[in-house]
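# Structural features, examined
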Amino acid sequence: IPNSFTPNGDGYNDTFIYNGFGIDESTTQFSIFDRWGALVYYTEKGIPWNGTYKNEIVPLDTYIYKFYCRDILGKPHEHIGHITLLK
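The present account deals with the structure reproduced in this document. (Residues numbered from 1 in each chain as written. Predicted model: local features only at pLDDT ≥ 70, side-chain atom pairs only at ≥ 80, totals over all residues. Heavy atoms only, no water.)

What follows concerns unusual backbone geometry. One non-glycine residue, Asn13, lies in the positive phi region at around 55°. The backbone phi angle of Asn55 is positive, close to 65°, even though this residue is not glycine. Of the residues examined, Asn55 reaches a relative accessible area of 74% and is grouped as exposed. (Buried < 20%, exposed > 50% of the residue type's maximum accessible area, 1.4 Å probe, protein only.)

Now the structure itself:
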């Protein structure tokens, strides 16, 4: 999972999403929170976050992500980390 991205429309690193092998895509839950703990993004369908909340670009800041899934063998995995949004 990357630690930064730049949603500035230049075609490089404009979105943020997990990536991996052996993930059971039907079990994924991907959440992003601001520094105050407010949920700014959530998907269960692997749709990348484009750096917006309520159709507005969020400010330059560090955001917390939480990713949950099961692998193809059924073992659960949870990853919590941070992502820095740069402009």
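On we go.
Topologically, Gly37 is positioned in the loop between strand S2 (23–33) and strand S3 (39–43). For the pair Gly37 and Ile64, spaced 27 residues apart in sequence, the C-alpha to C-alpha distance is 8.3 Å. (Helix = DSSP H or I, 4+ residues; strand = E, 2+ residues; numbered from the N terminus.)

The pairing of S2 with strand S6 (residues 61–71) spans seven bridges and is classified as antiparallel. For Ser31, the partnering residue across the bridge sits in S6 and is Lys66. In this structure, the hairpin formed by S2 and S3 is closed by a connection of five residues, where Gly37 is found at a positive phi of approximately 90°. (Pairing = 2+ DSSP bridges.)

Looking at the secondary structure, you find Thr6 in the loop between strand S1 (4–5) and S2. Residues in contact with Thr6, not counting those within four places in the same chain, are Tyr12, Asn13, Asp14 and Leu86. (Contact = heavy atoms within 4.5 Å.)

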